[in-house]
Amino acid sequence: MTALLVALGAAVGAPLRYLADRAVQDRFGARFPWGTMTVNVAGSLLLGFLLGLPLPPAAGVLLGTGLCGALTTYSTASYETLRLATAGRFRPAVANAVLSVAAAVAAAALGHLAATALPWP
Amino acid sequence: MSGAEQRRVDPDVDLAVPADRAELPAHPAAVLAAVSAGGALGALARAGLSAALPHDPAGFPWPTFAVNLSGCLLIGVLMAVLAKRANPPVLARPFLGVGVLGGYTTFATHAVEARQLAADGAAATALTYLVATLVGALLAVWVGYAATDRLTPSAGGTGAGQRAVRG
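Residues numbered from 1 in each chain as written. Chains lettered and ligands numbered in written order. Predicted model: local features only at pLDDT ≥ 70, side-chain atom pairs only at ≥ 80, totals over all residues. Heavy atoms only, no water.

Caption draft 1: Structural view of the overall build of chain A. Helix and strand counts for chain A come out as five helices and zero strands. Counting from the amino terminus, chain A carries its helices and strands in the arrangement α-α-α-α-α. Within chain A, the proportion of its 121 residues that are buried is 51%. For chain A, restricting intrachain contacts to residue pairs at least 6 apart in sequence, the fraction spanning at least 24 positions comes to 76%. Carbon and sulfur atoms make up 77% of the accessible area of chain A, which totals about 5,400 Å². (Helix = DSSP H or I, 4+ residues; strand = E, 2+ residues; numbered from the N terminus. Buried < 20%, exposed > 50% of the residue type's maximum accessible area, 1.4 Å probe, protein only. Contact = heavy atoms within 4.5 Å. Areas by Shrake-Rupley, 256 points an atom, 1.4 Å probe, with all protein chains shown as cover.)

Right under this line is the structure:
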């Protein structure tokens, strides 16, 4: 049951990342990896929010481990940083690495804060 | 590496690479299905590894750390293999890179783990975790890419590996 929920959530989260990445690049260009940063920060915000809610464990597995886990990616972000650095674009490389981590952790904290501030019955 | 590949920054999808831009309009159902199926497999592997590895909630999040570093090593390997091929299979990157490895590694879990550690008064562990993941992941991508690039002959037969074999 747990495995099915993980797979279902991820089956939605991964294509959502692909489509969102394309949409952001269409709007803002592909020179700096804004698309991946956007999904990583949005996914961290959502997971922080979900973990602050009194959710049943099955919902946490489906939406947290599955959806948010697959919506976000560390492999893509690291590859991008390395590509920027090896292309001699050191400032964008450092900006991508540091900004991604800082914004994602801040988003996770904000999401958690928002969930715990809501007046749940 | 082809000229188009040299412009690539984003291994998921980079609209500066003409083949990436064309793949969704050309085969929307196949590309999205490959990403979706790969994502499910990658997430299952992550969940399985996380369940198998012991984890102290108050300590260093080793399972996510191991998942992210191993996934980064593998994206380096994958992108080096694909860059060597003149015409890689259309669904190889969407399935293996965007799907399997994207679904396997996670940014959100790592962010909420760091937040939780900091909220529990373990700010030093949280910071160590974030920096160790960042540095370790970059090293892993680099090692994966560089080692594969050296060991894989070019498909076209013009690479250093092929020349060496031919003497």
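Caption draft 2: How the structure looks around a nonpolar patch on the surface. All names here are of chain B. A surface patch of nonpolar side chains, about 720 Å² in accessible area, is lined by Leu-73, Leu-74, Leu-127, Val-131, Val-135, Leu-139, Trp-142 and Val-143. Only α4 (62-84) and α7 (123-151) provide two or more residues apiece to the nonpolar patch. The element contributing the most residues to the nonpolar patch is α7, with six residues. By secondary structure assignment, the location of Val-131 is in helix α7. (Patch = residues over 30% accessible without salt bridge, like charges linked within 9 Å, V, L, I, M, F, W, Y side chains within 5 Å. Salt bridge = Lys/Arg side-chain N within 4 Å of Asp/Glu carboxyl O.)

Caption draft 3: Spotlight on the packing of aromatic side chains. All names here are of chain B. This structure, assessed with the given rule, holds seven aromatic pairs over all chains. A centroid spacing of 4.4 Å and a plane angle of 45° characterise the contact between Phe-60 and Trp-62, whose relative ring orientation is tilted. For Trp-62, a relative accessible area of 52% puts it in the exposed group. Seen in terms of ring centroids, Phe-60 and Phe-65 are 5.2 Å apart; in terms of plane orientation they differ by 75°. Their pairing is edge-to-face. Taken as a pair, Phe-60 and Phe-65 share a single burial class, namely buried. (Phe/Tyr/Trp six-rings, centres within 6.5 Å; stacked < 30°, edge-to-face > 60°.)

Caption draft 4: Representation of the pattern of salt bridges. For the structure on display, the rule yields six salt bridges over all chains. Linking Arg-21 of chain B and Asp-26 of chain A is a salt bridge whose minimum nitrogen-to-oxygen distance equals 4.0 Å. Separated into two different chains, Arg-21 of chain B in helix α2 (residues 18-26) and Asp-26 of chain A in helix α1 (residues 2-28) make up a pair that spans both. Given the relative accessible area of 42%, Arg-21 of chain B is considered partly exposed. Assessed through its relative accessible area of 57%, Asp-26 of chain A is described here as exposed. The salt bridge involving Arg-8 of chain B is made with Asp-20 of chain B; its shortest N-O contact spans 2.8 Å.

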